[in-house]
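Here's the letter readout for the chains.
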Amino acid sequence: QVQLVESGGGLVQAGGSLRVACAASGRTPSNAVMGWFRQAPGKEREFVAAITWSSGGTYYGNSMQGRFTISRDNAKNTVYLQMISLKPEDTAVYYCVGGRYRSQWSRNPADFGSWGQGTQVTVSS
């Protein structure tokens, strides 16, 4: 089981940028996928982005690509989510997740077995 710890959340004004990070510890399988979900108050968890640990292939949720960029640093066992042009509707708790790539990308939270504790991102208008 991979342990995940997020950092970097905070308060930012609309139009600003923020980068959140996720440090992974424990054994990372060769077909590991790391990613991010978010959950706003009163809303369901929403898939943000994912990246394969070995090749760095990426996958984004609807409306995320272009403003959000996921990346990883294998040497540091860390995944990043760079967010630009932030909007108030991006306000949410952002969760780092870990899972396994099984022939296709997944946006289903149930397909990710490891979850971080979450980091709050608040975008003020």
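Residues numbered from 1 in each chain as written. Predicted model: local features only at pLDDT ≥ 70, side-chain atom pairs only at ≥ 80, totals over all residues. Heavy atoms only, no water.

Draft legend 1. Seen up close, the packing of aromatic side chains. Inspection of the entire model under this criterion finds seven aromatic pairs. Between the aromatic rings of Y101 and W105, the centroid separation amounts to 5.2 Å while the plane-to-plane angle is 75 degrees, which identifies the pairing as edge-to-face. Aromatic ring contacts, followed pair by pair, group F37, F47, Y59, Y95, Y101, W105, F112 and W115 into a single cluster. Over the face of the ring belonging to Y95 we find R45, whose NZ or CZ atom lies 4.4 Å from the ring centre. R45 extends its terminal NZ or CZ atom over the ring of W115, reaching a point 4.5 Å from the ring centre. (Phe/Tyr/Trp six-rings, centres within 6.5 Å; stacked < 30°, edge-to-face > 60°. Lys NZ or Arg CZ within 6 Å of the ring centre and 35° of its normal.)

Draft legend 2. View of the nonpolar core. Core analysis: the largest hydrophobic core is formed by 28 residues, its most contacted members being M34, W36, L81, M83 and Y94. Of all the secondary-structure elements, those providing two or more residues to this core are β3 (18-25), β4 (32-39), β5 (46-52), β7 (68-73), β8 (78-83), β9 (92-100) and β11 (119-124). In terms of residue count, β3 provides more of this core than any other element does, four residues in total. Aside from chain neighbours lying at most four places away, what touches Y94 is E6, W36, F37, R38, V48, F68, L81, M83, G118, T119 and V121. Listed in part, the six residues of the second largest apolar core include F37, F47, A50 and V97. (Core = buried A, V, L, I, M, F, W, Y, C linked by side-chain atoms within 4.5 Å. Buried < 20%, exposed > 50% of the residue type's maximum accessible area, 1.4 Å probe, protein only. Helix = DSSP H or I, 4+ residues; strand = E, 2+ residues; numbered from the N terminus. Contact = heavy atoms within 4.5 Å.)

Draft legend 3. View of the environment of P41. Along the chain, P41 falls in the loop between β4 and β5. The class of P41 is exposed, set by a relative accessible area of 75%. In sequence terms P41 and T91 are 50 residues apart; their C-alpha atoms lie 8.9 Å from each other.

Draft legend 4. Inspection of the sheet that holds β3 at higher detail. Within the open sheet, the four strands sit side by side as β1-β3-β8-β7. Their pairing is antiparallel. A single partner strand is all that each edge strand has here, and the edge strands are β1 (3-7) and β7. The sheet shows a mean angle of 20 degrees between the axes of neighbouring strands, taken without regard to direction. Pairing of β3 with β8 involves six bridges; the strand directions are antiparallel. (Pairing = 2+ DSSP bridges. Axes fitted to C-alpha atoms, helices over the stretch in contact; angles between N-to-C directions.)

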